[in-house]
Amino acid sequence: MAGSVYNNLVAKLVMTGDSNVGKTCIVSSYTENSLPSYLSTVGIDFKTKTVLIDETPLKLQIWDTAGQERFHTLSVSYFRGAHGFVLVYDITNSVSFENTSLWMKDIKMKAGEDVEVVLLGNKCDREDEREVSKERGEKLAWEYGIPFFETSAKENINIEKAFQMLSETIYARRSSVLVTQNVVNLREPRKTSSCMSCR
Ligand SMILES: Nc1nc2c(ncn2[C@@H]2O[C@H](COP(=O)(O)OP(=O)(O)OP(=O)(O)O)[C@@H](O)[C@H]2O)c(=O)[nH]1
């Protein structure tokens, strides 16, 4: 168990949801504890952060995709091969909440049915402008069978918790995680080659 394979576990996470809901700020808050200067995401980049699960390090590769419609094809092309998704809406924007069902369809279509997803209702610091009740978020997450948090990237509320829960679910439920560029089975010891394509 303490072999080197378990020191090289990597999980690919993808941020998704409408434009302007706060995906980039959530990643920054989680990986740097600071907000970036505002710049709507125009391409794709990823950040990394290592979490500990039962003393095992799991390196998260967090891909921040653009929510704007004109980047949709590019954004969803990064869904394939992801182990988990952070699906974000803005509690002050009901359209972004309604569109989560479209993002969920894309996730299932591109990444498969058994991929792990956490739903975030972001900007919960803006209570005065709230358009989506917490109950609606909870109900939707219950229907999907996924965890739900209301978050604030601005005030760093529930961000750490959400990523930790997603990481633990991936670690516990998935039979495989990426190890550098190779895939290994977590539950069975590796037998021969470290490269799937060589088998
Ligand atoms: N009040 C408040 N504002 C936030 C929060 N998170 C993000 N914002 C603001 O919302 C705006 C959009 O944030 P981004 O992180 O760029 O949104 P995005 O979802 O990455 O947008 P795209 O890159 O276009 O997909 C910025 O002005 C942020 O400062 C939050 O938790 N609270």
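The shown structure was predicted, so the numbers you read here are calculated from the model rather than taken from an experiment. Sequence positions are assigned chain by chain, starting from 1 and proceeding in written order. Note on the predicted model: pLDDT of at least 70 is required for a residue's local features to be given, and 80 or more for side-chain atom pairs to be given and counted; whole-chain, interface and lining totals, by contrast, use all residues.

## Some details on the pairing of strand β5 (residues 116-122)
Here's step 1: Here a residue counts as buried when 20 or more other C-beta atoms sit within 10 Å of its C-beta, as exposed when there are 12 or fewer, and as partly exposed otherwise, the C-beta atoms being derived from the backbone. Only DSSP runs of H or I covering at least 4 residues are called helices, and only runs of E covering at least 2 are called strands; the numbering of each starts at the N terminus. For β5, the buried fraction is high: seven of the seven residues fall into the buried class.
Here's step 2: Side chains Glu116, Val118, Leu120 and Asn122 of β5 all project onto a buried face; the interleaved residues Val117, Leu119 and Gly121 project onto the opposite face, where all are buried too.
Here's step 3: With three bridges connecting them, β5 and strand β6 (residues 148-150) associate as parallel partners. Pairing of Leu120 across the sheet is with Phe149, part of β6.
Here's step 4: Handedness of the crossover is the feature at issue here: the chain leaves β5, passes through helix α5 (residues 134-144), returns alongside β6, and the resulting connection is right-handed. Between any two strands, pairing holds if DSSP finds at least two bridges. Throughout, right-handed denotes a crossover for which the path from the first strand over the helix to the second runs clockwise when the strands point away from the viewer.

## Notes on unusual backbone geometry
Here's step 1: The phi dihedral of Glu55 falls on the positive side, at around 70°, and the residue is not glycine.
Here's step 2: Here Glu55 lies in the loop between β2 (45-53) and β3 (56-64).
Here's step 3: Even without being a glycine, Asn156 presents a positive backbone phi close to 50°.
Here's step 4: Here Asn156 is to be found in the loop between β6 and α6 (159-173).

## Concerning the nonpolar core
Here's step 1: With 42 residues, the main nonpolar core has Leu13, Met15, Ile26, Val86, Val88, Leu119 and Ala162 as its most contacted residues.
Here's step 2: Dropping the residues within four chain positions of it, Ile26 is found in contact with Met15, Val88, Asn122, Thr151, Ala153 and Ile159. Think of a nonpolar core as buried Ala, Val, Leu, Ile, Met, Phe, Trp, Tyr and Cys residues, each tied to the set through C-beta atoms within 7 Å. Remark: residues whose backbone-derived C-beta atoms lie within 7 Å of one another are considered to be in contact.

## Overview of the pairing of strand β4 (residues 84-90)
Here's step 1: In terms of burial, β4 is largely enclosed, as seven of its seven residues are buried.
Here's step 2: Side chains of β4 alternate between two faces, with Gly84, Val86, Val88 and Asp90 and Phe85, Leu87 and Tyr89 buried alike.
Here's step 3: Across five bridges, strand β1 (residues 9-17) lies against β4 in parallel orientation. Considered in β4, the bridge of Leu13 is made with Gly84.

## Focus: α6
Here's step 1: The terminal C-alpha atoms of α6 lie 21 Å apart, and with 15 residues this matches the ideal 21 Å at 1.5 Å per residue to within 8%.
Here's step 2: Along α6, the residues that are buried comprise Ile159, Ala162, Phe163, Leu166, Ser167 and Ile170. The buried residues of α6 occupy an angular sector of 125° when projected down its axis, which confines them to one face. For α6, exposure combined with an orientation more than 90 degrees from the buried face picks out Ala172 and Arg173. Here the expected length of a helix is defined as 1.5 Å per residue gap, with one fewer gap than residues. Note: the arc covers the axis-to-C-beta directions of the helix.

## A closer look at helix α4 (residues 100-111)
Here's step 1: Between the first and last C-alpha of α4 there are 16 Å, a value that for 12 residues agrees with the 16 Å anticipated at 1.5 Å per step.
Here's step 2: Those residues of α4 not exposed but buried are Thr100, Trp103, Ile107 and Ala111. Each buried residue of α4 lies within a common arc of 60° when the element is viewed along its axis, so the set occupies one face. More than 90 degrees from the buried face of α4, the exposed residues found are Ser101, Leu102, Lys105 and Met109.

## Some words on the environment of Val51
Here's step 1: Position of Val51 relative to the elements: it lies in strand β2.
Here's step 2: In this structure the C-alpha to C-alpha distance between Val51 and Phe163, which are 112 residues apart in sequence, comes to 9.0 Å.
Here's step 3: Leave out the neighbours within four places in its chain, and Val51 touches Leu58, Leu60, Gln164 and Ser167.

## Some details on the confidence of the model for the chain
Here's step 1: Here the chain averages 83 in pLDDT, while 77% of its residues score no lower than 70.
Here's step 2: Known as pLDDT, the predictor's confidence for each residue is given on a scale from 0 to 100. Under a pLDDT of 50 for its full length, residues 180-185 has, in the predicted model, 14 contacts with residues more than four places off or in other chains.
Here's step 3: This stretch, residues 188-199, has a pLDDT under 50; its non-local contacts, to residues over four places away or in other chains, come to eight contacts.

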